Protein chains: 2
Amino acid sequence: MKDIANLTGYATSTVSRALSKPGRVNAVTRMHIEDAARQLNYTPNTQARALSSGRTGTVAVLVSAITNPFYFGIIRGTQQQLNAAGYAQLLFDTEDSGEMEVAMLHKMRRSLDGAILAASRLSEAALAQLATEIPLVTINRNVPGVPSVAIDTPHGIGQAVEHLVSLGHRDLVYVSGPSVSWPNRARWQAMRAAAASHGDVRLRQIGPFSGERPAGSAAADALINTGASACVVFNDLLAIGILGRLMERGLRVPADMSVVGCDDIFGADFCHPPLTTLTAPIEQAGRMAVSLLLALLTDKAVPRRLVLLPTHLTVRESTGHR
Amino acid sequence: MKDIANLTGYATSTVSRALSKPGRVNAVTRMHIEDAARQLNYTPNTQARALSSGRTGTVAVLVSAITNPFYFGIIRGTQQQLNAAGYAQLLFDTEDSGEMEVAMLHKMRRSLDGAILAASRLSEAALAQLATEIPLVTINRNVPGVPSVAIDTPHGIGQAVEHLVSLGHRDLVYVSGPSVSWPNRARWQAMRAAAASHGDVRLRQIGPFSGERPAGSAAADALINTGASACVVFNDLLAIGILGRLMERGLRVPADMSVVGCDDIFGADFCHPPLTTLTAPIEQAGRMAVSLLLALLTDKAVPRRLVLLPTHLTVRESTGHR
DNA sequence: ATTGGCCTGGCAATCGTTTGCCATTCGTTG
DNA sequence: CAACGAATGGCAAACGATTGCCAGGCCAAT
C-alpha cells in the first residue's frame, strides 16, 4: 500500500479506504488508486488486515470424523457459500472428541471470525460457553442461544414408519447410534412417537453402536436376535455395515429383513441392495449454516435461532413386504 | 505478552523468546514466564505472529472436486500430519478448474506457508511458475522442480492385466478418464505396456469420460459396443457408475464383463458386485505430501523430488473367468 | 456574509509479535 | 591477570494494514 501511495501521491490511509471502503473516497481518486493497485499487482496482506481490523476472513468448520461421507456434503456446502462470500474455510477433524473441539476453538479463537460445528459432541453448557468466545453455528445440534440448522430427520422417521407398517411390519427395531449424538436421540424419540401412533406396532431399540460401518456387524447380529422383521438405522453408514453382515449370515434383504437408513449418503444408492433411506439435504445444510453465521457476523443480531431442513423418504430396495 | 512482561518484570522480547525459542533464555526465566502465561490464560495471536515472522502456520490443500471420495483419504492424511506438526489446513475445492487454482493460490500466497495440490489441472509451466511464488507439493502430478508424491498405479496396472489375462480375457478395454488428468495418461501408458507384453492380447481405449459416477452410463454403453470381455477403468467412481449401467442393460458382472477399478475408494467394497480394484495408499499419500512440504519449509533444501507409493490389486467379485 | 454540515483526504496511533543489535555478566583459557 | 566468548536479557524497529480524529474546501441555507 505504501507503494501505491507513493505512486499515486495519496496517503496510505486513503489507499486503504479506496480499496476497502468504496463509498468513503471520491470516485476518481478510487479509480486512480485501483489502477495503481492493478499495475503494481497488489494483493492485500491478510495477516496485517486481520491484525488491525480484527476480522480474519476465516471460518472454521469442525467435523467429527472426516471419513464419514455425511460430512462431505456439509463441507461442500460450506465451502461453496464461504467462497462466494470471500471467506476461507479452515477444516478440522475433531476425531469425535469434545475436548478436541474446545481445545481447537479456544486456541484458534483469535484467528477465526466464526465456526461451524457439524455434529458437536459438546455439552450444552460447554457449547454456550464457547459461543461467548466466538460466533458459532451448529448443525444438527440445538442449543439455546446458538443459531443452528437441523435436518428434520425426525419428521422423516414418521414417513419411514408409515412405509414399513404399510408393508405389513409390526415388529420394529431402532438401531441406535452413539448415545451422545443429538440426532440419534431425536430419531429415537421420533421413532417412538411414530410407533405409538399405530396401536399394534411393537418397537424396540438396540445399541448404542458407533455409527461407523464396522459396527454394523455387531448391530446386525443383535438385530437378528430380536426376531424383528424391519429396522430403522441411525445412519446410512451403519446401515450399510448391517447390510453386509446380514448377507454374510445368510439373511436376505428385504425378504427376511427390511432396513431403512438415514441421510442418503454417497453409497446409499449403489450398495447392495440399494438402501431405502431418509434423504437429507446435506449440502444445503452446509450452505445454510454459513448463511446463518454470516448474518451473525454482519448484523450482529442473532438471526433465526433454528432452521429446520425437510427430509423425505427415498424408497429403494432394502425394504419390502413382511 | 505485554501483560506477561508486566507481571514477571521481563521485557516482551524476553517473553517472546521464552515462549517460542526455548533455548534462547535461561531455564528458570522461562519457567517464570510460562507460569505467568498459564496464569493469564495466554494464547498467542496468530495474525501478529504471522505478520512479523512471515510464517503463517497454514497450509492449503487443493482438491479438484471434494465430492470425489478419493480426496477424503488425502484430506484425512494431510489433516493428521499437519495437525501433528502444528499447522492448520485450509481446504479448497478448485472445481476442476486450473484458473481457480492459480487465482486462489496467488491471492492467498502471503497467508500460506505452502500448498498441496491434489490432482492439479495446471500445465507444467503454470505449476513451475506457481512453485516460485509459494512452496508447493503435488500429488499424482510429476513436474520437474516440484516435489511430488505419486501413487504408482501404473505398476499395479500390470498386476491387473496379469489377473485378467490369467482369467482368460484376451480382449481388453481401458476406460479413459479426463484427458487432462495426469494419472489417466500414466495409466493408459501402463496398460499399453502391460498388454504388449502378452502377445495375443487385444487392447482398445474408450473415452474420455469425466471420472464421475454419472459418466459411467455412457462409458458402459460404449464398453458394451466394443464386445470386449474385460476392462480396466480410470477410477472407482467411474467403475461404479459402469457397474450400475451394465446391470441396467442386463449384463452380468463378472460373467459377461469383468471390471477393474482404480484407487479402492470408499464404496468399492460394498458396491454390487464388490469391485476388483487397485488399492492405493491414499491416506498415506496425504501424509507423505505433508512430510515433503514440511521438509521443504524447514530445510529449504528441496527434498526427494518424487516419492512413489506402491499399489496392489485387490480382487473382489467384479472380475471372473471369461 | 456567516454559519453549519457534508465530502475528502491526511496524520499518526494501533493491532501483538518477532528479531537484529547491543550491553552486561560470568566463566574460561592462555 | 588480561582477554575473550558464550549466555542472557533489553531496546526499538519492523511487519502491513485499519481507523479515530482532525482539517480544509465547498455548498447551501439563513
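Residues numbered from 1 in each chain as written. Chains lettered and ligands numbered in written order. Predicted model: local features only at pLDDT ≥ 70, side-chain atom pairs only at ≥ 80, totals over all residues.

Draft legend 1. Quick peek at the pairing of strand E7 (residues 202–206) of chain A. All names here are of chain A. Both strand E6 (residues 171–175) and E7 contribute to a ladder of five bridges, which runs parallel. Bridge pairing in E7 links Val173 to Arg204. For the crossover that starts at E6, traverses helix H9 (residues 182–196) and ends in the parallel E7, the hand is right-handed. (Pairing = 2+ DSSP bridges. Helix = DSSP H or I, 4+ residues; strand = E, 2+ residues; numbered from the N terminus. Right-handed = clockwise from strand over helix to strand, strands pointing away.)

Draft legend 2. Broad picture of the environment of Asp113 of chain A. All names here are of chain A. Tracing the backbone shows Asp113 in the loop between helix H6 (98–108) and strand E3 (114–118). In the structure, Asp113 is positioned 181 residues away from Leu294 in sequence and 9.4 Å away in space, judged by C-alpha atoms. The contacts of Asp113, once residues within four sequence positions are left out, are Arg55, Thr56, Gly57, Thr58, Val59, Pro135 and Leu297. (Contact = placed C-beta atoms within 7 Å.)

Draft legend 3. Highlighting the interface of chain B and chain A. Across the boundary between the two partners, chain B contributes 30 residues, which contact 30 residues of chain A. Those elements that place two or more of their residues in the side of chain B that touches chain A are helix H4 (46–53), helix H5 (69–84), strand E2 (88–93) and helix H11 (236–248) of chain B. Looking at the side of chain B that touches chain A residue by residue, the classes come out as 14 nonpolar, twelve polar and four charged. (Nonpolar A, V, L, I, M, F, W, Y, C, P; charged D, E, K, R; others polar.)

Draft legend 4. Inspection of the protein's contact with DNA strand C at higher detail. As a matter of local geometry, DNA strand C sits amid 23 residues, with Ser13 and Thr14 of chain A together with Ser13, Ala48 and Ser52 of chain B nearest to it. Of all the secondary-structure elements, those providing two or more residues to the surface near DNA strand C are helix H2 (12–20) and helix H4 (46–53) of chain A together with helix H2 (12–20) and H4 of chain B. Here the surface near DNA strand C gets six residues from one element, more than from any other, and that element is H2 of chain B. Residue composition of the surface near DNA strand C, grouped by class: nine nonpolar, twelve polar and two charged. (Near = placed C-beta within 6 Å.)

Draft legend 5. Molecular detail of the relation of the copies chain B and chain A. After a rotation of 180° and a shift along the axis of 0.1 Å, chain B superposes on chain A with an RMSD of 0.1 Å. The transformation just described matches what one would write down for a two-fold rotation axis. An overlap of 100% is found between the interface residues of chain B and their copies at the interface of chain A, pointing to a shared contact surface. (Least-squares fit on C-alpha atoms with pLDDT ≥ 70 in both.)

Draft legend 6. A look at the sheet that holds strand E10 (residues 276–279) of chain B. Residues and elements named next belong to chain B. Spatially, six strands are ordered E7-E6-E8-E9-E10-E12 in an open sheet, and the strand pairing comes out mixed. In this open sheet, the two edge strands, each paired with only one partner strand, are strand E7 (202–206) and strand E12 (312–314). The sheet shows a mean angle of 20° between the axes of neighbouring strands, direction not considered. Sheet analysis places strand E8 (residues 230–233) next to strand E9 (residues 258–263), joined by three bridges and oriented parallel. (Axes fitted to C-alpha atoms, helices over the stretch in contact; angles between N-to-C directions.)

Draft legend 7. Structural context of helix H9 (residues 182–196) of chain B. Residue and element names in this part refer to chain B. When the terminal C-alpha atoms of H9 are compared, their 21 Å separation across 15 residues agrees well with the 21 Å that a helix rising 1.5 Å per residue should span. Among all positions of H9, only Pro183, Asn184, Arg187, Trp188, Ala190, Met191, Ala194 and Ala195 are buried. Buried positions in H9, seen along its axis, are confined to an arc of 165° and lie on one side of it. Of the exposed residues in H9, the ones pointing more than 90 degrees away from its buried face are Gln189 and Ala196. Where the residues of H9 are buried, they touch helix H8 (153–166), strand E6 (171–175), E7, E8 and E9. (Expected span 1.5 Å × (residues − 1). Buried ≥ 20, exposed ≤ 12 C-beta atoms within 10 Å, placed from the backbone. Arc of directions from axis to C-beta.)

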